[in-house]
Amino acid sequence: MIIFRKNHINDNMKYQDIIQSLAIVVKERFNGESGGHDWWHIYRVWQLSKRIAESENADIFVVELAALLHDVADWKYNDGDEYAGGKAARYILSEYSLSDQITDHVVEIIDTLSFKGAGVDTTMKTIEGKIVQDADRLDAIGAIGIARTFAYGGMKGRGIHDPEIKPFLHDSFETYKKSDSPTINHFYEKLLLLKDRMNTQTAREIAIERHQFMEQFLSQFFREWYIYQKNDSIKNQ
Ligand code: NI
């Protein structure tokens, strides 16, 4: 169990003070994290959430809290407990004087947030949830998304690419969670699907360029890979 420090907290904090305090707590928690879920991922999702929220009629306080806490105990790091994030978030937020309504809303967003497989519904109920989900999904695609995907695959001991293992569209959270397929497959199982799953117009617009860049990366990757396939077939003749 991670122990969170209480020394930044008092009862009379205003909105910005709470956000700043929470950012410090989360930054300490994620210090030294690898696998693409480091503090700078949280920071990008936080900043991107604020930017998307500018065009939406949303409670910015809930958006910022949920963005900062969205990966605080991701199921990928908690032996598959998909509710670990919500529990950890509730524990951290209990240190602040927040209403139950705000805490429950943030916890619900965090529990619903993760992508759980291509065919598994993770529809967010509120605009605040939709915004944080969009920001998290945008950080999973494009150049940063590519870097994070290979960092995560390496941490999990997965290979880069194996032409004998085909991508698999998971229709259940159980099979997605257990998947140990090579990292390139992850583009087809998740990352290339994300552009059509954005909730807000702002995110859809940002997603276009990032999606195109991934397609460009994959076509170059396979162009380079193909040279070796050709050599194999020459050797086998
Ligand atoms: Ni995330």
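Residues numbered from 1 in each chain as written. Predicted model: local features only at pLDDT ≥ 70, side-chain atom pairs only at ≥ 80, totals over all residues.

**Let's talk about the overall build of the protein**
Reasoning step 1: Of regular secondary structure, the protein possesses ten helices and zero strands.
Reasoning step 2: Counting only residues that meet the buried cut, the protein has 33% of its 237 residues in that class.
Reasoning step 3: Long-range pairs, those at least 24 residues apart, make up 63% of the contacts in the protein between residues at least 6 apart in sequence. (Helix = DSSP H or I, 4+ residues; strand = E, 2+ residues; numbered from the N terminus. Buried ≥ 20, exposed ≤ 12 C-beta atoms within 10 Å, placed from the backbone. Contact = placed C-beta atoms within 7 Å.)

**What to know about the packing of helix 5 (residues 100–113) against helix 6 (residues 127–138)**
Reasoning step 1: Put simply, helix 5 and helix 6 touch, their axes get as near as 10 Å, and they point 40° apart. In terms of their interaxial angle, helix 5 and helix 6 are classed as oblique. You can see that helix 5 and helix 6 cross each other, and the crossing is right-handed. Contacts from His105, Ile109, Thr112 and Leu113 in helix 5 reach Glu128, Gly129, Val132, Gln133 and Asp136 in helix 6.
Reasoning step 2: A breakdown of the residues in the contact of helix 5 with helix 6 according to their chemical character gives three nonpolar, four polar and two charged. (Axes fitted to C-alpha atoms, helices over the stretch in contact; angles between N-to-C directions. Parallel < 35°, antiparallel > 145°, perpendicular 65-115°, else oblique. Left-handed = near helix turned anticlockwise from the far one by under 90°. Nonpolar A, V, L, I, M, F, W, Y, C, P; charged D, E, K, R; others polar.)

**As for the nonpolar core**
Reasoning step 1: Residues Ala66, Leu69, Val106 and Val132 are the most contacted members of the largest nonpolar core, which totals 44 residues.
Reasoning step 2: When residues of this core are traced back to their parent elements, those giving at least two are helix 1 (15–30), helix 2 (39–53), helix 3 (60–69), helix 4 (84–93), helix 5, helix 6, helix 9 (183–189) and helix 10 (201–236).
Reasoning step 3: In terms of residues, this core owes the most to one element, helix 3, which gives seven residues.
Reasoning step 4: Sequence-distant contacts of leucine 69, defined by excluding residues within four places in its chain, comprise Val26, Ala89, Ile92, Val106 and Ile110. (Core = buried A, V, L, I, M, F, W, Y, C linked by C-beta atoms within 7 Å.)

**Examining the environment of phenylalanine 221**
Reasoning step 1: Tracing the backbone through its elements, the reader meets phenylalanine 221 in helix 10.
Reasoning step 2: Between the C-alpha atom of phenylalanine 221 and that of histidine 161, which follows or precedes it by 60 residues, the distance is 10.0 Å.

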